[in-house]
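Here's the letter readout for the chains.
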Amino acid sequence: MSTDHTHDHSSCGGGGDHHRHGDAHGHSHGHSHAHGAEGRADLSGPAESPITVEVTRGSLVESLHRARACIVDAGGHVLASWGDIDAPVYPRSAIKSLQAIPLVESGALDAFGLGDEELALACASHNGEARHTELVRAWAERVGLTADDYECGAQIPYDAATAADLVRRGEAPTVFHNNCSGKHSGFLTTAKHRRERLKGYVRYEHPVQQRILGVMEQMTGQDLFGAPWGVDGCSIPTVGIPLGAIAYAMARIADPVDLPDARAQAVTRIAAAWGRHPFLIGGSGTFDTALMEAAGGAVLVKAGAEGVGCAVIPEQGIGIALKIEDGAARAREVALAALIRSTGALSEAQWARVPELLAAPLLNRAGARVGEVRPAAGWPG
């Protein structure tokens, strides 16, 4: 393994009085994990060389996608990196697991009698299928919320069959079909539990978002005051974070040994819900669901917009973060699968269940395979 490129990621929560941080936590808990190299493939990767994903058509490589990526352990050591991992990226929906932490830590999840399914939905970018929307509507009703409280916006379901059903019935999509409606339910539930105003909960200065900003600082080991930020597709702030720091946060979910008790318990619950309900995380035909179903809990994955992807490998205590430079989802999926494969976390028998994740077929309009999206030669996989 290459350990030449090591970041000094601290676990402090950031300093200064520029914004409010989350609740105080207790002492560090006592369990530890032994994460040896057994079963891992060679993770070494030249830091100066970005990942390349190629798209073939016939015998020609027609297009190329470049990416940056890194694999980090819970001690903040970069085990492998490709390209510049210190430059900030918007993590988008790939870090919903971090944004769900206050839902657990605040006591809101338990106060309203919510469980693993709701927690998984808080981490999800779902298809808007019936299973997703029914659960979100039931969640809202349990907490005393209405569709008018949600500021994520209505969205046509990603699932084509569900969208077609809405058209046939003459119904318009609602906020519950929004792929981020579970995350927003978590935000609103926490605000309701803490008796904070609901209106404007998506705004940067609202206590909900400030609490999440504090959690992200603590989990990534970064001071995010002055960090670039923009507005995500679902209206919440998205903050620029170095790619290596995002992978570090994922590694701390994989192995929370150095986190305070309350935080460690929260991320352990989140990881368990994330792994137990892969369908809720994405849905029919999605990369996240397909890979996690094949992995059987050995790997947790989460895609984000504009070519961002993250993975958590609990058994090895490592996290992975990836950014496709041109934002292409087709490249993100193949690249993330190859990176996960390089860790040895899944057996070849497990990969055999989802071969299309490692080399995605390129189909023409008639459904014939005319090429594929695959890792270029010379990097993981």
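Residues numbered from 1 in each chain as written. Predicted model: local features only at pLDDT ≥ 70, side-chain atom pairs only at ≥ 80, totals over all residues. Heavy atoms only, no water.

(A) Representation of the overall build of the protein chain within the structure. In terms of helices and strands, the protein chain carries 15 helices and 12 strands. The buried share of the protein chain, taken over its 381 residues, is 57%. For the protein chain, long-range pairs separated by at least 24 residues make up 69% of all intrachain contacts whose partners lie at least 6 apart in sequence. Here the protein chain displays about 15,200 Å² of accessible surface, and carbon together with sulfur accounts for 50% of that area. (Helix = DSSP H or I, 4+ residues; strand = E, 2+ residues; numbered from the N terminus. Buried < 20%, exposed > 50% of the residue type's maximum accessible area, 1.4 Å probe, protein only. Contact = heavy atoms within 4.5 Å. Areas by Shrake-Rupley, 256 points an atom, 1.4 Å probe, with all protein chains shown as cover.)

(B) Structural view of the pairing of strand 2 (residues 60–73). Direction of pairing for strand 1 (residues 51–57) relative to strand 2: antiparallel, over a ladder of seven bridges. The residue bridging E54 from the neighbouring strand is L64, located in strand 2. The antiparallel hairpin formed by strand 1 and strand 2 contains two residues in its connecting segment, where G58 sits at a positive phi of about 65 degrees. Note: strand 2 against strand 10 (residues 318–324), seven bridges, orientation antiparallel. Each bridged residue has a counterpart across the sheet, and for V72 the counterpart in strand 10 is G319. Here strand 2 pairs with strand 3 (residues 78–82) via four bridges, running antiparallel. (Pairing = 2+ DSSP bridges.)

(C) Structural view of the confidence of the model for the protein chain. Per-residue confidence for the protein chain gives a mean pLDDT of 89, with 87% of residues at or over 70. Overall, residues 1–46 carries pLDDT values under 50, and its contacts beyond four positions in sequence, including any with other chains, amount to 120 contacts. (pLDDT = per-residue confidence, 0-100.)

(D) Spotlight on the packing of helix 7 (residues 181–193) against helix 8 (residues 207–220). Where helix 7 contacts helix 8, the two axes come as close as 10 Å, and the packing angle between them is 105 degrees. Between helix 7 and helix 8, the angle is such that the two are roughly perpendicular. Residues F187, T190 and A191 of helix 7 lie in contact with helix 8, whose contacting residues are V208, Q209, R211 and I212. In terms of residue class, the contact of helix 7 with helix 8 is made up of four nonpolar, two polar and one charged. (Axes fitted to C-alpha atoms, helices over the stretch in contact; angles between N-to-C directions. Parallel < 35°, antiparallel > 145°, perpendicular 65-115°, else oblique. Nonpolar A, V, L, I, M, F, W, Y, C, P; charged D, E, K, R; others polar.)

(E) Here's a closer look at the packing of helix 8 against helix 9 (residues 243–254). Contact geometry for helix 8 and helix 9: axes closest at 8 Å, N-to-C directions at 85 degrees. Comparing their axes, helix 9 and helix 8 come out roughly perpendicular. The segment helix 8 lies against helix 9, with Q218, M219 and T220 engaging A245, Y248, A249, R252 and I253.

(F) Geometry of the nonpolar core. Counting residues in each nonpolar core, the largest one holds 114 residues, and the members touching the most others are Y150 and I340. Here this core gets nine residues from one element, more than from any other, and that element is helix 9. (Core = buried A, V, L, I, M, F, W, Y, C linked by side-chain atoms within 4.5 Å.)

(G) Region of interest: the packing of aromatic side chains. In this structure the tally under the stated criterion is three aromatic pairs. Taking 5.3 Å as the distance between ring centres and 75 degrees as the angle between the ring planes, the aromatic pair formed by Y150 and F176 counts as edge-to-face. In this pair, Y150 is assigned in the loop between helix 5 (130–143) and helix 6 (160–169) and F176 in the loop between helix 6 and helix 7, connecting sequence segments 26 residues apart. (Phe/Tyr/Trp six-rings, centres within 6.5 Å; stacked < 30°, edge-to-face > 60°.)

(H) Just the side chain of T56, in detail. With respect to the element layout, T56 can be found in strand 1. Sequence-distant contacts of T56, defined by excluding residues within four places in its chain, comprise V61, E62, L362, V370, G371, E372 and R374.

(I) Looking closely at helix 7. A rise of 1.5 Å per residue sets the reference length of helix 7, with its 13 residues, at 18 Å; its end C-alpha atoms lie 18 Å apart and thus fit the reference within 8%. For helix 7, the tally of buried residues reaches 11 of 13 residues, placing the bulk of the element in the interior. Residues of helix 7 that are buried in the fold lie against helix 1 (96–99), helix 2 (101–105), helix 3 (108–111), helix 4 (116–122), helix 5 and helix 8. Backbone geometry just downstream of helix 7 places R195 in the positive-phi region, at approximately 60 degrees. (Expected span 1.5 Å × (residues − 1).)

(J) Quick peek at unusual backbone geometry. With a phi angle near 60 degrees, R195 is a residue other than glycine that sits in the positive phi range. Here R195 lies in the loop between helix 7 and helix 8. For R195, a relative accessible area of 77% gives the class exposed. Unlike most non-glycine residues, S235 shows phi in positive territory, near 90 degrees.

(K) Just a nonpolar patch on the surface, in detail. A cluster of nonpolar side chains, Y90, W229 and V231, forms an exposed patch at the surface whose accessible area comes to about 310 Å². Tracing the backbone through its elements, the reader meets Y90 in the loop between strand 4 (88–89) and helix 1. Residue class for Y90 comes out partly exposed when judged on its relative accessible area of 34%. (Patch = residues over 30% accessible without salt bridge, like charges linked within 9 Å, V, L, I, M, F, W, Y side chains within 5 Å. Salt bridge = Lys/Arg side-chain N within 4 Å of Asp/Glu carboxyl O.)

(L) Representation of helix 6 in the model. Taken together, the buried positions of helix 6 are T162, A163 and L166. Around the axis of helix 6, the buried residues are gathered within 100 degrees of arc, so they sit on the same side. The exposed residues of helix 6 that point more than 90 degrees off its buried face are A160, V167 and R168. Count one or two residues on from helix 6 and you reach G170, which has phi positive near 70 degrees. (Arc of directions from axis to C-beta.)

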